[in-house]
2 protein chains.
Amino acid sequence: MRLSRYFLPVLKETPSEAQIVSHRYMLRAGMIKQAQAGIYSWLPLGFKVLKRIEQIVHEEQERAGHIPLLMPTLQSADLWRESGRYDDYGEEMLRITDRHGRDMLYGPTNEELITDIFRSHVSSYKDLPLTLYHIQWKFRDEVRPRFGVMRGREFLMKDGYNFDLTKEAALHAYNRHLVSYLRTYERMGLQAIPMRADSGPIGGDDTHEFLVLADTGESEVFYDSAVTDLTFGDRAIDYDSVEECAGIMREFTEKYARTDETHDEAKFNEIPEERRRVARGIEVGQIFYFGTKYSEAMGATVQGPDGKPTPVHMGSHGIGVSRLLGAIIEASHDDKGIIWPEGVTPFHVGIVNLKQGDAEADGACEGLETALINAGLDPLYDDRKERAGGKFATMDLIGLPWRITVGPRGLKNGVVELTSRRTGESEEMAPEAAVARLVEIYAKHL
Amino acid sequence: MRLSRYFLPVLKETPSEAQIVSHRYMLRAGMIKQAQAGIYSWLPLGFKVLKRIEQIVHEEQERAGHIPLLMPTLQSADLWRESGRYDDYGEEMLRITDRHGRDMLYGPTNEELITDIFRSHVSSYKDLPLTLYHIQWKFRDEVRPRFGVMRGREFLMKDGYNFDLTKEAALHAYNRHLVSYLRTYERMGLQAIPMRADSGPIGGDDTHEFLVLADTGESEVFYDSAVTDLTFGDRAIDYDSVEECAGIMREFTEKYARTDETHDEAKFNEIPEERRRVARGIEVGQIFYFGTKYSEAMGATVQGPDGKPTPVHMGSHGIGVSRLLGAIIEASHDDKGIIWPEGVTPFHVGIVNLKQGDAEADGACEGLETALINAGLDPLYDDRKERAGGKFATMDLIGLPWRITVGPRGLKNGVVELTSRRTGESEEMAPEAAVARLVEIYAKHL
């Protein structure tokens, strides 16, 4: 993409309404624009990151054998009356009346709708196990929306639902989700720690939240520092293996890690003192097993192997897709701007032309752009007639992990400069070497 | 994908509420499920086609230099008061009040919101031309929703908006959209004819609708049969070339083609009688140039080359993404089910195992599945223990363009059968030859 043809409205001033760094940088980098309180337009750069995150979530869910579909944003109130949640949900539910006077709502979550789909189409245990998920916009009418996309009203979420014949099978689905979520967050460059949590209005016994450590997190968290040494890495997973998923579940949850809602001071004090940590965290996902709560209320039964109708065991599992942009920025930035992890960066590399209009510099930049595109990478070429300082500041603000700087002086020696946004370190090399290096860096992200 | 692990709830019975063939087949093929009147859940098969269509739209828009972003589904009533449309829009607008009593609405279109984004961030003619678009769910509270996704209330639409300094530049944007839409529809296997149309509530002078000929179309159309001979084909386009885009515009619109709204009997009668056609059509897109209507009402001006504030010339351009599924099925089906064009099919090929459980047949199917996936194709393997007749009926209903049938008898001779859904013709060949043939068929669609 040529920056001269792109729509990247960066702001020089720090908007006064933004209280946290991710909100400030998303506004300043031209990623979002507030449409109303808690509702945002995703400008091109923000939309691009949102799509990359969505794509990673899809890939990891499909890898785990979960099946994508798409439920609508608006739901019938009647379904929520069946489960009893229409009256219970409170003012965060956006209630709507259509032209015929029918009660609807903007879905804050989808247990009722997915259970209705299930009970309409599945009648035998032979069709289980089944996990369906979607990534869809949801609405919660927060009384005080704030922190940008971190606590918006209209937000994008992945929510998945498993249907199983027995509790044991449903707990395997639970573990499968835990594993797939660990992979998902790691691909985004995030360490998200599963912590035993409180089930809240969805109900249920088993639930873990995934928290990213950040000073601006909304939750206080207590954990054994050994949990931060765990990484999922490149291990191959057989998602059908009950033992393998259970083993990873144990590995990542046996050490103490809890939010303030479930914190147990006595257990915490059993950790060696030097490993006890109290910090703040941002919730980026949650998994639940809630048994037959919805299947019984809504009649989602299958014929079991014994011929008898059996309510299915369910769980629901969510990832805050739009919120993740905020969480990633909170976890990865400096005083110049965002630092995108390679897995989610909107463009793989920025090209800065130090002397726009100079035939040699322009030609070298265009050659680099073409070579990068041909190698499957997605560069952003700053081809504006701007001072070098302004170009560098924009690149630092929008946070592309790599920058290639092209100028007449270097070109005389046949070199360009490749700079890491994270370390600030630069290295001179031939243009082809820079392309080769970037191909290597991004190999596992393409 | 293995069918035994997929969620494909096909129906044997024809649902009584479905009046047109696309609605019937989408329900029977397990593509959609009605959630409420005019609001659908997209079951896995339907969602997959929807994503393919969305992807084609994105690719062709980006090829034309148009920039994707994403505006929210809910909008502030205040913006619509500025344009004057809040009161004008009538009962099709779904009006919503939030917990603080603020008026909102579920966006039926986005002229106001995009104009607000533009005026907030663009102030100089140097930032023009600019075309922004998004693909987002919209809502129109139709009094009588019907025909499935063809006339739903919650529907997915691509809408794009161009901002230009002059009328001439805006008309180039108009032509660019016309060209990119022609390419888009052709990639989906559709012939969509641009017809001079009426501008309706959006306002404006220049507008064309794109119509797919189908007996169930909602519009009566009148055209010169010579327009159906036009194809876009593989021609390379320079979207920056004003002449090239204008030439294609002329080529595709100079022959008579109008809907009943703009039909001119006298002009129609100038066509040689044997080329006069009266038929029905389904609208799948529309392009508008409406000048400064919104930019003047909402103060979207830029500083012109003369230093004076100039309201920008705008147009808006839409493709009915979810509606396209219905239109494609209306245009491409037989009495056994859907016949997907290769460009949008949910799976590239179905594999039917005639003797599930037979080691040799199972092994051959698994080998084919792996070979197809390794070749970049997406097969659906029917590995259920069902009669061959049932498997064939399902494949015919869901409409995959190609089927490979694997049975012990063929395997003895080292062959499988490759069958075209469209022609019904089968050919025996070695499994590797079938894979190679499919790779060739899909080469231009991957």
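Everything numeric here is computed off the predicted structure, so don't read it as measured data. (Residues numbered from 1 in each chain as written. Chains lettered and ligands numbered in written order. Predicted model: local features only at pLDDT ≥ 70, side-chain atom pairs only at ≥ 80, totals over all residues. Heavy atoms only, no water.)

> Before we go on, may I ask you to explain the nonpolar core in this structure?
Among soluble globular proteins, nonpolar side chains are generally buried collectively. Counting residues in each nonpolar core, the largest one holds 216 residues, and the members touching the most others are Trp42 of chain A together with Met31 and Trp42 of chain B. Met31 of chain B has contacts with Met26, Ser41, Trp42, Leu43, Leu45, Gly46, Val49, Leu325, Ile329, Ile338 and Trp340 of chain B, leaving out every residue within four places of it along the chain. (Core = buried A, V, L, I, M, F, W, Y, C linked by side-chain atoms within 4.5 Å. Buried < 20%, exposed > 50% of the residue type's maximum accessible area, 1.4 Å probe, protein only. Contact = heavy atoms within 4.5 Å.)

> Sorry if this is basic, but what is going on with unusual backbone geometry here?
Apart from glycine, the bulk of residues carry a negative phi angle, and the bulk of peptide bonds sit in the trans form. Residues and elements named next belong to chain A. Following Leu128, the chain continues into Pro129 via a peptide bond in cis, with omega recorded as -5 degrees. At Phe147, a residue that is not glycine, the phi angle is positive and equals roughly 60 degrees. Following the sequence through the fold, Phe147 ends up in the loop between β7 (130-139) and β8 (154-164). (Helix = DSSP H or I, 4+ residues; strand = E, 2+ residues; numbered from the N terminus.)

> What is the right way to look at the packing of helix α6 (residues 167-187) of chain B against helix α7 (residues 242-253) of chain B in this model?
The description of two helices packed together rests on the angle between their axes and the distance between the axes. Residue and element names in this part refer to chain B. Relative orientation of the contacting elements α6 and α7 amounts to 60 degrees, with a least axis distance of 9 Å. Classed by the angle they form, the pair α6 and α7 counts as oblique. Between α6 and α7 the crossing geometry is left-handed. Residue-level contacts link His172, Tyr174, Asn175, Arg176, Leu178, Val179 and Leu182 of α6 to Val242, Cys245, Ala246, Ile248, Met249, Phe252 and Thr253 of α7. A per-class count over the contact of α6 with α7 returns 10 nonpolar, three polar and one charged. (Axes fitted to C-alpha atoms, helices over the stretch in contact; angles between N-to-C directions. Parallel < 35°, antiparallel > 145°, perpendicular 65-115°, else oblique. Left-handed = near helix turned anticlockwise from the far one by under 90°. Nonpolar A, V, L, I, M, F, W, Y, C, P; charged D, E, K, R; others polar.)

> Got a minute to help me understand the sheet that holds strand β22 (residues 416-420) of chain A in this structure?
What links the strands of a sheet is backbone hydrogen bonding, and the strands pair in either a parallel or an antiparallel sense. All names here are of chain A. The mixed open sheet is built from five strands, whose spatial order is β20-β19-β21-β22-β23. Strands with a single pairing partner mark the edges of an open sheet, and in this sheet they are β20 (379-382) and β23 (426-429). The average angle at which neighbouring strand axes cross in this sheet is 20 degrees, direction not considered. In terms of strand pairing, strand β19 (residues 349-353) meets β20 through four bridges, oriented parallel. Counterpart to Ile351 in the pairing with β20 is Tyr381. Each of β19, β20 and β21 (402-406) is contacted by helix α12 (residues 388-398), which is oriented at about 170 degrees to β19, the strand it contacts most. (Pairing = 2+ DSSP bridges.)

> What is the right way to read the domain arrangement of chain A from this model?
Frequently, the measure chosen for interface size is the accessible area that the parts lose on association. Residues and elements named next belong to chain A. Partitioning chain A into structural domains gives domain 1 (3-338) and domain 2 (349-445). Here the C-alpha centroids of domain 1 and domain 2 sit 37 Å apart. Each partner contributes to the interface: domain 1 provides 16 residues, whereas domain 2 provides 14 residues. Its largest share of buried area at the contact with domain 2, domain 1 owes to Leu3, Lys336 and Ile338, together 41% of the area lost on that side. Taken together, the connections running from domain 1 to domain 2 amount to three salt bridges. Between Asp378 and Arg52 there is a salt bridge, with its nearest N and O atoms 3.1 Å apart. The interface formed by domain 1 and domain 2 contains 10 residue pairs in polar contact (both at pLDDT 80 or more). (Domains from an automatic or database assignment. Buried area = accessible area lost by both parts, 1.4 Å probe. Salt bridge = Lys/Arg side-chain N within 4 Å of Asp/Glu carboxyl O. Polar contact = N/O pair within 3.5 Å; in protein donor to acceptor, adjacent residues only side chain to side chain.)

> Sorry if this is basic, but what is going on with the environment of Glu17 of chain A here?
Residues and elements named next belong to chain A. Inspection of the secondary structure assignment puts Glu17 in the segment before α1 (21-28). On the basis of relative accessible area, Glu17 is assigned to the partly exposed category, the value being 44%. Excluding anything up to four places from it in sequence, Glu17 contacts His23 and Leu27.

> Sorry if this is basic, but what is going on with the sheet that holds strand β21 (residues 402-406) of chain B here?
All names here are of chain B. Read from one edge to the other, the open sheet built from five strands follows the order β20-β19-β21-β22-β23, with strand pairing classed as mixed. Every interior strand has two partners, whereas the edge strands, β20 (379-382) and β23 (426-429), have only one. Between one strand and the next, the sheet's axes are offset by a mean angle of 20 degrees, whatever the strand orientation. Pairing between strand β22 (residues 416-420) and β23: four bridges, direction antiparallel. Within the sheet, the bridge partner assigned to Thr419 lies in β23 and is Ser426. Where helix α11 (residues 359-374) meets the sheet, it contacts β19 (349-353), β20, β21 and β22, and its direction lies at approximately 170 degrees from that of β19.

> Got a minute to help me understand the packing of aromatic side chains in this structure?
Working definition: an aromatic ring pair is given by the centre-to-centre distance plus the angle between the planes. Residues and elements named next belong to chain A. Applying the stated criterion across every chain yields a total of 23 aromatic pairs over all chains. Seen from their ring centres, Tyr106 and Phe139 are 5.5 Å apart, and the 50 degrees between their planes marks the pair as tilted. With Tyr106 in strand β6 (residues 103-106) and Phe139 in strand β7, the pair connects residues that are 33 residues apart, well separated along the chain. Comparing Tyr106 with Phe139 shows no difference in burial state: the two are buried. Between Tyr256 and Phe268 the ring centres are 5.6 Å apart and the planes differ by 50 degrees, which places this aromatic pair in the tilted class. Within this pair, whereas Tyr256 is found in the loop between α7 (242-253) and β12 (257-259), its partner Phe268 is found in helix α8 (residues 265-268), the two being separated by 12 residues in sequence. (Phe/Tyr/Trp six-rings, centres within 6.5 Å; stacked < 30°, edge-to-face > 60°.)

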